[in-house]
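# Residue-level structural notes
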Amino acid sequence: MSRRSYTMDIFRAAALLLVLVYHSWALTGSLPFRYGALTLVVALGGEIGVTAFFALSGYGIYHSIASQERKEGFRFLPYMRRRCRRIVPQYYISILFAVVFLYGGTYLSFGGGIKSIVTHLLFIHNLFPQYHGAINGVLWTMGVTFQFYILAYPLYRGMKKGGIIFAVFCIIVTIAVKGILYAYVLPGCNMDHNLEFFSGRQLITSLDNFTAGMYVAYLGEKANFEHKRNVKYLCGVVLGCIVTYGVCYLGRNNDIHTNNITGYVWHSFLALGLGIIMFFCSMIQCNPENRFVKSILLLSKYEYGIYLWHILIINNLIVNSGIVQAITNSRWPKLVYLVFIVTAVFVGSLLSRMTDAYIASRNDIR
């Protein structure tokens, strides 16, 4: 497509807010929501947000590789160098901060503490149940995403050649692997329910999420819409929201990480609903100079840093902030969610700006 759709950045910001609200809700002991549909969205906000991030990664990587192919031909090392410059510095800083300032030197005395740090630095911690969420509960997604980057080019070529057939193939592979894991492998492991979540959110069991985003990019590349009839595309976004809500309703009544048909297909159906939203969002143009849109675009710009830091920030506020504890015990305990979100956005965006400025200064020196 010839023009960038800022509406996709709004979609990214919405996914981030869903994750922030969900973790605020979960980490405070699930303060009750009694607002009908909102309750369902909050309870599954983490799953929705992470699936959206995976799909957005697929969408962005597809366009990144396509752009590189047009300009200079695809070369793996320059491609990975750009990916690493984007995600590694702030990722490493967040690990350093957590280990040194939150856990202190005592973290290194824990059994497997050094191994946990090393696996995190190598982006393979998500492959080990004991290290999966050991340092920071959200970092497992970075392991999965990094592994997707490594395998993205073959997936991109498969999407370019196969289109819908390749996308369906990836969904079938994902569902089949989940079925085998849940039905035959995990029952003999004698571990708790967290192992099902761990197994169901690896690269191979999230392949449908990433390829859903790649397929949206593939469709947009083929469609070449003119971005004129926004009302039509808005109706498409609404349709995607309806599908996504229906999938969430199904997930509420059936465990989404379990040995049944829902456990096998739920994330694939969720990726379908989110993919519909993404496709029609990519066709909509909004005014980036509008004040409201500007604020949302700013949130999207620093989404990565806010995402990396928000659990550390929220946990620290819960444990150490007297104000947060007072609000939690007041007549309006849900106000604490606003405190969490505002603080996480402020600190995360500030650290993102500092990291970006440092990287820019290093590039200038070179």
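Our subject is the structure listed above.
Read on for an overview of the structure.

So, how was this worked out
Residues numbered from 1 in each chain as written. Predicted model: local features only at pLDDT ≥ 70, side-chain atom pairs only at ≥ 80, totals over all residues. Heavy atoms only, no water. Axes fitted to C-alpha atoms, helices over the stretch in contact; angles between N-to-C directions. Helix = DSSP H or I, 4+ residues; strand = E, 2+ residues; numbered from the N terminus. Parallel < 35°, antiparallel > 145°, perpendicular 65-115°, else oblique. Left-handed = near helix turned anticlockwise from the far one by under 90°. Contact = heavy atoms within 4.5 Å. Nonpolar A, V, L, I, M, F, W, Y, C, P; charged D, E, K, R; others polar. Polar contact = N/O pair within 3.5 Å; in protein donor to acceptor, adjacent residues only side chain to side chain. Expected span 1.5 Å × (residues − 1). Buried < 20%, exposed > 50% of the residue type's maximum accessible area, 1.4 Å probe, protein only. Disulfide = S-S within 2.5 Å. Phe/Tyr/Trp six-rings, centres within 6.5 Å; stacked < 30°, edge-to-face > 60°. Lys NZ or Arg CZ within 6 Å of the ring centre and 35° of its normal.

### Focus on the packing of helix α4 (residues 76-102) against helix α13 (residues 303-320)
The interhelical angle for the contact between α4 and α13, taken along N-to-C directions, is 15°, at an axis separation of 10 Å. Our classification of the angle between α4 and α13 gives roughly parallel. The hand of the α4/α13 crossing is right-handed. Contacts between α4 and α13 involve R86, I87, Q90, Y91, I93, S94, F97, A98 and L102 from the first element and Y304, G305, L308, W309 and L312 from the second. Considering only residue class, the contact of α4 with α13 consists of ten nonpolar, three polar and one charged.

### Overview of the side chain of H257
Along the polypeptide, H257 turns up in the loop between α10 (230-253) and α11 (261-282). A polar side-chain atom of H257 sits 2.9 Å from a polar atom in the side chain of E47.

### Some words on helix α3 (residues 45-71)
The α-helix advances 3.6 residues per turn, and as a result positions three or four apart in sequence lie on the same side. Compared with the 39 Å implied by 1.5 Å per residue over 27 residues, the 38 Å span of α3 between its first and last C-alpha is a close match. Most of α3 sits out of view: 20 of its 27 residues are buried. Within two residues after α3, G73 carries a phi angle of roughly 85°, on the positive side.

### Observations concerning the state of the cysteines
Tallying each qualifying case throughout the model produces zero disulfides. Free of any disulfide, C241 has its nearest neighbouring cysteine sulfur in C281, separated by 7.7 Å. Here C286 stays free of any disulfide, with the sulfur of C281 as its closest cysteine sulfur at 9.3 Å.

### Remarks on the packing of aromatic side chains
A full pass over the atoms with the stated rule returns 23 aromatic pairs. Three or more aromatic residues joined by ring pairs form one cluster here, namely F54, W140, F148, Y149, F197 and F210. Over the ring of Y149 we find R83; its NZ or CZ atom is 5.5 Å from the centre of that ring. When the ring centre of Y302 is taken as reference, the NZ or CZ atom of R353 above it lies at 5.5 Å.

### A word on the side chain of T244
Mapping T244 onto the fold places it in helix α10. Take T244: its relative accessible area is 7%, and that puts it in the buried class. One polar contact links the side chain of T244 to the main-chain carbonyl oxygen of G240, over a distance of 2.8 Å. Apart from the residues within four sequence positions on either side, T244 is in contact with L270, G273, L274 and I277.

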